[in-house]
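# Inside the fold
So you can see what is in the structure, the chains are spelled out below.
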Amino acid sequence: MSEKTAVTPESHPAPPAKFSHGVRKGNILQVAGQVGYLPAVAGQPPVTAGPGLREQTLQTLENVRSVLEAGGASWDDAVMIRVYLTDTAHFGEMNEIYNAYFDEQGVKVPAARTTVYVGLPAGLLIEIDALAVLG
């Protein structure tokens, strides 16, 4: 049996509850839901990348990428991505931002994806998690 290991990039604040930003077990890496917070500054509360969907989506994707990399993975290892939006009206805009981001990353085979609508803390518009298989 392989050991379960927590994955936390230096840029991420401590989670607000008892969970890990990512967990790796063997060749599986699960990235917990990430939001559009800017990199953490010690002693300061989290700050969102901006009030708009574009800023938050791009920062959220970068936060997921940070956890993937800290766990030894990349977007090419991602097999499933789940997107959580707070507003159904954001779906089209989010898809445009998402598609452009992955085009820029050079991902040849996109991960499977699900999008659902949820409630998030005030000011947050999007959350994204990912499942990666390494090797």
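Coordinates for the structure precede this section.
Just so we're clear, the structure is a prediction, and the values are computed from it rather than from any experiment.

## What to know about the packing of aromatic side chains
With the rule as written, the count across this model stands at four aromatic pairs. Each ring, one from Trp 75 and one from Phe 102, has its centre 4.8 Å from the other, and the planes form 85°; the classification is edge-to-face. Of this pair, Trp 75 sits in the loop between helix 1 (53-70) and strand 4 (78-85) while Phe 102 sits in helix 2 (residues 91-105), and the two are 27 residues apart along the sequence. Owing to a relative accessible area of 6%, Trp 75 belongs among the buried residues under this scheme. Directly above the aromatic system of Tyr 98 lies the positively charged group of Arg 113, at a separation of 4.5 Å from the ring centroid.

## Remarks on the sheet that holds strand 2 (residues 22-25)
Ordered in space as 1-2-3-6-4-5, the six strands form an open sheet in which the pairing is mixed. Among the strands making up the open sheet, the edge pair consists of strand 1 (4-7) and strand 5 (112-117). Averaged over all pairs of adjacent strands, the angle between their axes in this sheet comes to 15°, without regard to strand direction. Of the pairings in the sheet, the one linking strand 3 (residues 28-35) to strand 6 (residues 126-133) comprises six bridges and is antiparallel in character. The residue of strand 6 that forms the bridge with Gln 34 is Ile 128. On the sheet, helix 1 packs against strand 1, strand 2, strand 3, strand 4 and strand 6 and is oriented at approximately 155° with respect to strand 3. Strands strand 4, strand 5 and strand 6 of the sheet are contacted by helix 2, whose axis makes an angle of about 150° with strand 5.

## Quick word on the packing of helix 1 against helix 2
Put simply, helix 1 and helix 2 touch, their axes get as near as 10 Å, and they point 40° apart. Comparing their axes, helix 2 and helix 1 come out oblique. For the pair helix 1 and helix 2, the sense of crossing is right-handed. Contacts from Leu 53, Arg 54, Thr 57, Leu 58, Leu 61, Glu 62 and Arg 65 of helix 1 reach helix 2 at Glu 93, Met 94, Ile 97, Tyr 101, Phe 102 and Gln 105. The residue inventory of the contact of helix 1 with helix 2, partitioned by class, reads seven nonpolar, two polar and four charged.

## A few points about the nonpolar core
Formed by 26 residues in total, the largest nonpolar core has its most connected members in Leu 29, Leu 68, Trp 75, Ile 81, Val 83 and Phe 102. Every element with two or more residues in this core is listed here: strand 3, helix 1, strand 4, helix 2 and strand 6. When residues in this core are grouped by element, the largest group, five residues, is from helix 1. When neighbours within four sequence positions are excluded, Leu 68 is seen to be in contact with Leu 29, Val 31, Ala 73, Ser 74, Trp 75 and Ala 132.

Reading guide: rules and limits
Residues numbered from 1 in each chain as written. Predicted model: local features only at pLDDT ≥ 70, side-chain atom pairs only at ≥ 80, totals over all residues. Heavy atoms only, no water. Phe/Tyr/Trp six-rings, centres within 6.5 Å; stacked < 30°, edge-to-face > 60°. Helix = DSSP H or I, 4+ residues; strand = E, 2+ residues; numbered from the N terminus. Buried < 20%, exposed > 50% of the residue type's maximum accessible area, 1.4 Å probe, protein only. Lys NZ or Arg CZ within 6 Å of the ring centre and 35° of its normal. Pairing = 2+ DSSP bridges. Axes fitted to C-alpha atoms, helices over the stretch in contact; angles between N-to-C directions. Contact = heavy atoms within 4.5 Å. Parallel < 35°, antiparallel > 145°, perpendicular 65-115°, else oblique. Left-handed = near helix turned anticlockwise from the far one by under 90°. Nonpolar A, V, L, I, M, F, W, Y, C, P; charged D, E, K, R; others polar. Core = buried A, V, L, I, M, F, W, Y, C linked by side-chain atoms within 4.5 Å.

It is worth stressing that arrangement in space is one thing and function is another; only the former is reported here.
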